[in-house]
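# Structural overview
Below, each chain spelled out in residue letters.
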Amino acid sequence: MGLLGDLKDDVVGFVRDPTDEQKVLLVAFVAIAVADRALYFVDFPFVVRTTAAVGVGFIVMFLVSYLYTGGLVPPDGNVDDDEPEEYVDELDP
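Summary of the structure given here. Within each chain, residues carry numbers counting from 1 in the order of the written sequence. Reporting of local features is limited, given that this is a predicted model, to residues whose pLDDT is at least 70; pairs of side-chain atoms are given and counted only at 80 or more, and all residues count toward the totals for whole chains, interfaces and linings. Note that the side-chain values use all heavy atoms of the structure and ignore hydrogens as well as water.

## Points about the packing of aromatic side chains
The following threshold applies: Two aromatic rings from Phe, Tyr or Trp, using only the six-membered ring of Trp, form a pair when their centres are within 6.5 Å; if the ring planes differ by under 30 degrees the pair is stacked, by over 60 it is edge-to-face, and anything between is tilted. Summary of the burial criterion: residues with accessible area below 20% of their type's maximum are buried, those above 50% are exposed, and those between are partly exposed, where the area comes from a 1.4 Å probe applied to protein chains only. Sitting over a ring, as applied to charges here, requires NZ of Lys or CZ of Arg to be within 6 Å of the ring centre and within 35 degrees of the ring normal.
Applying the stated criterion across every chain, the model contains 1 aromatic pair. Seen in terms of ring centroids, Y40 and F41 are 5.5 Å apart; in terms of plane orientation they differ by 80°. Their pairing is edge-to-face. A relative accessible area of 72% places F41 in the exposed class. When the ring centre of Y40 is taken as origin, the NZ or CZ atom of R37, which lies over that ring, is 4.8 Å away.

Shown next, in the form of structure tokens:
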């Protein structure tokens, strides 16, 4: 299909049935936009305003992720394993 077909499928999937990650990122994007517009009326330089808005977006993203999933970091696949995996150096003959 190509790049445009894949992009169309992604957009349709986002609108019809968004994943949990997409929901959290959408809320963070909206928070960045709102924070940027709120800081627009304060006499801050552009770089400071944009950096602060992105910082607000990250804080909101972590907060919403924690509220939505109940944890900040997803567990590893080998949480229940008692033995750590043995390190193998690929360059050592």
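## Some thoughts on the side chain of S65
Formally: Under the DSSP-based scheme used, a helix requires at least four consecutive residues in state H or I and a strand at least two consecutive residues in state E, with every element numbered from the N terminus. A contact between two residues is defined here by any heavy atoms of the two lying within 4.5 Å.
As for its position among the elements, S65 is in helix 3 (residues 46-69). A relative accessible area of 19% places S65 in the buried class. Beyond its immediate stretch of four places on either side in the chain, S65 contacts V24, G70 and G71.

## Regarding the pattern of salt bridges
If the charged atoms of two oppositely charged side chains come close together, the side chains can form a pair. Condition: Salt bridges are identified by distance alone: a Lys or Arg side-chain nitrogen within 4 Å of an Asp or Glu carboxyl oxygen.
Inspection of the entire model under this criterion finds 2 salt bridges. The salt bridge involving D36 is made with R37; its shortest N-O contact spans 3.1 Å. Owing to a relative accessible area of 17%, D36 belongs among the buried residues under this scheme. A salt bridge links R49 to D36; its shortest N-O distance comes to 3.3 Å. Here D36 lies in helix 2 (residues 20-40) and R49 lies in helix 3, a separation of 13 residues in the sequence. Using a relative accessible area of 10% as the deciding quantity, one classes R49 as buried. What emerges from the salt-bridge pattern is a single network uniting D36, R37 and R49.

## With respect to the environment of T50
Within the secondary structure, T50 sits in helix 3. Relative accessible area serves as the criterion here: at 28%, T50 is assigned to the partly exposed category. Placed 17 residues apart in sequence, T50 and A33 show a C-alpha to C-alpha distance of 9.6 Å.

## Overview of the packing of helix 2 against helix 3
Applicable threshold: Helix axes are fitted to C-alpha atoms over the stretch in contact, other axes to C-alpha atoms as well, and angles between N-to-C directions run from 0 to 180 degrees. If you view the pair so one helix is near and one far, a crossing is left-handed when the near helix is turned anticlockwise from the far one by less than a right angle, and right-handed when it is turned clockwise. Each residue is assigned to one of three groups, with Ala, Val, Leu, Ile, Met, Phe, Trp, Tyr, Cys and Pro labelled nonpolar, Asp, Glu, Lys and Arg labelled charged, and all others, Gly among them, labelled polar.
Where helix 2 meets helix 3, the axes come as close as 8 Å, and the angle between the chain directions of the two elements is 145°. Relative to helix 3, the crossing made by helix 2 is right-handed. Its residues assigned to classes, the contact of helix 2 with helix 3 shows 17 nonpolar, 3 polar and 5 charged.

## Observations concerning a nonpolar patch on the surface
Quick reminder of the rule: Every patch collects residues that have over 30% relative accessible area and no salt bridge, joining them within 9 Å if they carry like charges and within 5 Å if they are nonpolar side chains (Val, Leu, Ile, Met, Phe, Trp, Tyr). Using a 1.4 Å probe, the Shrake-Rupley method yields the accessible areas, and only the shown protein chains count as cover for residues.
A grouping of L4, L7, V11, F14, V15, L26, F29, V30 and V34 is seen on the molecular surface, where their side chains present a nonpolar patch of about 890 Å² in accessible area. At the level of secondary structure, the elements contributing two or more residues to the nonpolar patch comprise helix 1 (3-16) and helix 2. By the secondary structure assignment, L7 is in helix 1.

Keep in mind these numbers describe shape, not what the thing actually does.
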